[in-house]
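# Tertiary structure, described
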Amino acid sequence: MFKLYKLWGVFKVNELAINGGEKTINVPGPHFVWAEITEKTEKAVLKQLHESISIYDKSGIIEKLENRFSKYHKLKHSVLFNSGTSAIHAMFIAAGLGKGDEIICPAYTFHATISPIFFTGAVPVLADCLDSGNINPEEIKKKITSKTKAIIVTHMWGNPCEMNEICKIAKGNNLLLLEDCSHAHFAKFEGKLVGTFGDMSAYSLQGQKTLTGGEGGIFMTNLDKFYYKSLLFGHYNKRCKTEIPKNYSLPKFSVTGMGLKLRIHPLAAAIANEQFDKMKDVIKNRKIIAEKLINGLKNLPGIKIPKISKKSNPTWYAFMMQYNSSELGGLPIEKFYEALIAEGCIELDRPGSTRPLNLHELFQNPSDLFSNYSGKLNYKKGDFPNAEKFHSNSLKLPVWHKKEDLKLVNLYLKAFKKVTNYYSQKCKEVLRNGKYE
Ligand SMILES: Cc1ncc(COP(=O)(O)O)c(C=O)c1O
């Protein structure tokens, strides 16, 4: 009787929650909260609220945060924008890209890395990715034509691109190099900060990002000419008047700039400035937790942990795994994902909006929205096999940043072990009987 009871206990523990078994994680959600809003954040916002809620020039909190960012990266200029998308758009305008030009960009990234290009008339030329999800330097080389003017890269999920090779390609072909660092604030490649390799870089400061103001963006460059253009693009009047030198050719446009106002809200800048104070600790703790996830998941069937080059020092914006169904008898990713969600891994995600750009309508038929593009682009499903494979096998976890989170991390690891164990066993039956239902 005792033995039977014990056997029942084992059965209960191993049965998946999705099949009526006991759920591994019973902690109420959310399991991951970002950003960390503390009393200090509240104080910083209140202080700003009483100081100024509209800043026309480089002063106050705008000056403070821009200078802090420039100093940290040892670059001459930083300009805050209302979003990462606007900061990226500023790079394209400052680069002078226009009709007839081509810019090589990642096939796998969030669309805003390149979508503002459609306002310029230049053509985005997509290049496939490596196993890491980052743009493949060899694919960049293949895409260069006489019309190519620039390359833009995204350091996907916080993991720096192969910057040695990419810088060599840009230099060797006299191309501008732009970096979208929206996933990779403070990450390094061979000890050098991302955002400092190219001619210009842009960061999102949106709510999920490592450094956040809720909404916002930042543009950086060492070159005055790009800096002035970025001001004319989104910071007309006072800022242009006070910062663009009189002997330069463009101050006559200062009052109107290019007609757009894309300033960050001072309260968002105050939040981002306060968040900056804790970056060192957050990054340190994320590294500890990422290490724990790597060690806990690296030997499980069906899971490939993120591929990080030895030259890179990522800041773990996210933990992006690849699912390998062949190690679990062909179990579809949807079933694997649902089983983990049922175990209580509610923060596990299958990213949707970050996907191969050839799958977006905008990159297939931009002419319906932008008349400049009639007949120029016709990307379609199947054009970028690596990017499409990477995307369809993606499973993403957040990287927690507090010591107290370790308990939860252990529970997630337990759930992954339970589900992979179950399907490894099941897999043997499947091999005997055919397919999963
Ligand atoms: C890689 C990448 N680039 C650009 C952006 C756009 O930034 P924002 O949302 O601040 O406009 C994002 C936002 O998620 C992003 O992930």
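Counting from 1, residues in each chain are numbered in the order their sequence is written. The predicted origin of the model limits local features to residues at a pLDDT of at least 70 and limits the giving and counting of side-chain atom pairs to 80 or more, whereas totals for whole chains, interfaces and linings rest on all residues. Side-chain metrics in this entry use all non-hydrogen atoms of the structure; hydrogen atoms and water are not considered.

Here the focus is the overall build of the protein chain. By the criteria applied, helices consist of DSSP H or I runs no shorter than four residues and strands consist of E runs no shorter than two, each listed in order from the N terminus. A tally of regular secondary structure across the protein chain gives 14 helices and 15 strands. Taken along the three principal axes of its C-alpha coordinates, the protein chain extends 95 × 55 × 40 Å. A buried classification covers 55% of the 437 residues belonging to the protein chain. Note on areas: Shrake-Rupley, 1.4 Å probe, and residue coverage restricted to the protein chains presented here. Carbon and sulfur atoms form 53% of the exposed surface of the protein chain, whose accessible area is close to 20,400 Å². Categorising residues by exposure relies on relative accessible area from a 1.4 Å probe, with only protein chains included: less than 20% of the type maximum marks a residue as buried, more than 50% marks it as exposed, and the intermediate range marks it as partly exposed.

Glancing now at the sheet that holds strand 4 (residues 123-127). In this scheme, strands are said to pair when DSSP sees at least two bridges between them. Taking strand neighbours across the sheet as the criterion, the seven strands line up as 1-10-9-6-5-2-4 in an open arrangement whose pairing is mixed. If you trace the sheet from one side to the other, it starts and ends with strand 1 (77-81) and strand 4, each paired once. Adjacent strand axes in the sheet meet at a mean angle of 20° when their direction is disregarded. With three bridges joining them, strand 2 (residues 102-106) and strand 5 (residues 148-154) adopt parallel strand pairing. From the neighbouring strand, isoleucine 103 faces strand 5, where its bridge partner is alanine 150. The contact definition used throughout considers only heavy atoms, calling two residues in contact when any of these lie within 4.5 Å. Comment: axis = line fitted to C-alpha atoms, over the contacting stretch for helices; angle = value between 0 and 180 degrees taken between N-to-C directions. Against the sheet, helix 3 (residues 60-73) touches strand 1, strand 9 (200-204) and strand 10 (217-221), its axis set at about 135° to strand 1. The strands touched by helix 6 (residues 163-172) are strand 5 and strand 6 (176-180); relative to strand 6, the strand with the most contacts, the crossing angle is about 145°.

Before going further, it helps to examine the sheet that holds strand 8 (residues 192-193). Pairing is antiparallel in the open sheet, where three strands are placed in the order 8-7-12. In this open sheet, the two strands that pair with only one neighbour each are strand 8 and strand 12 (312-313). Note that strand 7 (residues 188-189) and strand 12 share two bridges and pair antiparallel. Note on strand 12: the bridge partner recorded for phenylalanine 189 is serine 312.

A few words now on the site of the ligand. Taken together, 15 residues lie near the ligand, and Gly84, Thr85, Asp180, Ser204 and Lys209 sit nearest. Between the ligand and serine 182, the relevant distance is 3.4 Å, taken from a nitrogen atom to a side-chain nitrogen or oxygen of the residue. Here an oxygen atom of the ligand sits 2.9 Å away from a polar atom, N or O, in the side chain of histidine 183. The protein chains hide 89% of the 390 Å² of surface that the ligand would expose on its own. It suffices for a single heavy atom of a residue to lie within 4 Å of a molecule or strand for the residue to be listed as near it. Residues adjacent in sequence count toward polar contacts only when both atoms are side-chain atoms; beyond that, a polar contact is any pair of N or O atoms within 3.5 Å, and within protein one must be able to donate a hydrogen and the other to accept it.

Moving on to the environment of methionine 156. Within the fold, methionine 156 resides in the loop between strand 5 and helix 6. Exposure remark for methionine 156: the relative accessible area of 2% places this residue in the buried category. Spatially, the C-alpha atom of methionine 156 lies 33 Å from that of serine 59, the residues being 97 residues apart in sequence. Beyond its immediate chain neighbours, meaning those up to four positions away, methionine 156 contacts Tyr108, Thr109, Gly133, Asn134, His183 and Thr354.

Turning next to the nonpolar core. Core analysis: the largest hydrophobic core is formed by 69 residues, its most contacted members being Phe92, Ile103, Ile114, Ile151 and Phe219. Among the elements that make up this core, the one with the highest residue count is helix 4 (residues 84-94) (seven residues). Those residues in contact with isoleucine 114 that lie beyond four places of it in its chain are Phe92, Ile103, Cys105, Pro124, Ile152, Leu357 and Phe363. We call a set of buried residues a nonpolar core when its members are Ala, Val, Leu, Ile, Met, Phe, Trp, Tyr or Cys and they connect through side-chain atoms within 4.5 Å of each other. Residues Leu205, Leu211, Leu331 and Leu340 belong to the second largest nonpolar core, which totals 64 residues.

Moving on, we come to the packing of aromatic side chains. In this scheme Phe, Tyr and Trp rings, the latter by its six-membered ring, pair at centre separations within 6.5 Å, and the angle between planes marks the pair as stacked below 30 degrees, edge-to-face above 60, and tilted otherwise. Throughout the structure, instances matching the rule amount to 24 aromatic pairs. Relative to phenylalanine 219, the ring of phenylalanine 81 lies with its centre 6.5 Å away and its plane at 65°, an arrangement referred to as edge-to-face. Placement of phenylalanine 81 in strand 1 and of phenylalanine 219 in strand 10 is noted, with a sequence separation of 138 residues between them. The rings of Phe69, Tyr72, Phe186, Tyr203 and Phe276 are connected pair by pair, giving a single aromatic cluster. Only when the NZ of Lys or the CZ of Arg is both within 6 Å of the ring centre and within 35 degrees of the ring normal is a charge said to sit over the ring. Between the NZ or CZ atom of lysine 192 and the centre of the ring of phenylalanine 197, over which it lies, the distance is 5.1 Å. The ring of tryptophan 34 carries the charged tip of arginine 286 above its face, separated from the ring centre by 4.9 Å.

Attention now goes to a nonpolar patch on the surface. A patch consists of residues whose relative accessible area exceeds 30% and which take part in no salt bridge; residues with like charges are grouped when within 9 Å of each other, and nonpolar side chains (Val, Leu, Ile, Met, Phe, Trp, Tyr) when within 5 Å. Any Lys or Arg side-chain nitrogen found within 4 Å of a carboxyl oxygen on Asp or Glu counts as a salt bridge. A cluster of nonpolar side chains, namely Leu46, Leu49 and Ile53, defines an oily patch on the protein surface of about 270 Å² accessible area. Counting through the fold element by element, leucine 46 comes out in helix 2 (residues 39-51). For leucine 46, a relative accessible area of 47% gives the class partly exposed.

This part takes up the environment of cysteine 427. Looking at where cysteine 427 falls in the secondary structure, it is placed in helix 14 (residues 406-433). Here cysteine 427 falls in the buried class, since its relative accessible area comes to 11%. Spatially, the C-alpha atom of cysteine 427 lies 21 Å from that of serine 392, the residues being 35 residues apart in sequence.

Axis separation between helix 2 and helix 9 (residues 266-276) bottoms out at 9 Å; the angle between their running directions is 145°. Every pair of crossing elements has a handedness; the one defined by helix 2 and helix 9 is right-handed. On helix 9, the residues touching Lys40, Thr41, Ala44, Val45, Gln48 and Leu49 of helix 2 are Pro266, Leu267, Ala270, Ile271, Glu274 and Gln275. Class assignment of the residues belonging to the contact of helix 2 with helix 9 gives a composition of seven nonpolar, three polar and two charged. Take the far helix as your reference; a near helix turned counterclockwise from it by less than a right angle gives a left-handed crossing, and one turned clockwise gives a right-handed crossing. Residue type decides the class: Asp, Glu, Lys and Arg count as charged, Ala, Val, Leu, Ile, Met, Phe, Trp, Tyr, Cys and Pro as nonpolar, and the leftover types, Gly among them, as polar.

Glancing now at the pairing of strand 2. Summarising burial for strand 2: five of the five residues are buried, a large majority. Bridge analysis of strand 2 against strand 4 gives five bridges, and the strand direction is parallel. Bridge pairing in strand 4 links isoleucine 103 to proline 124.

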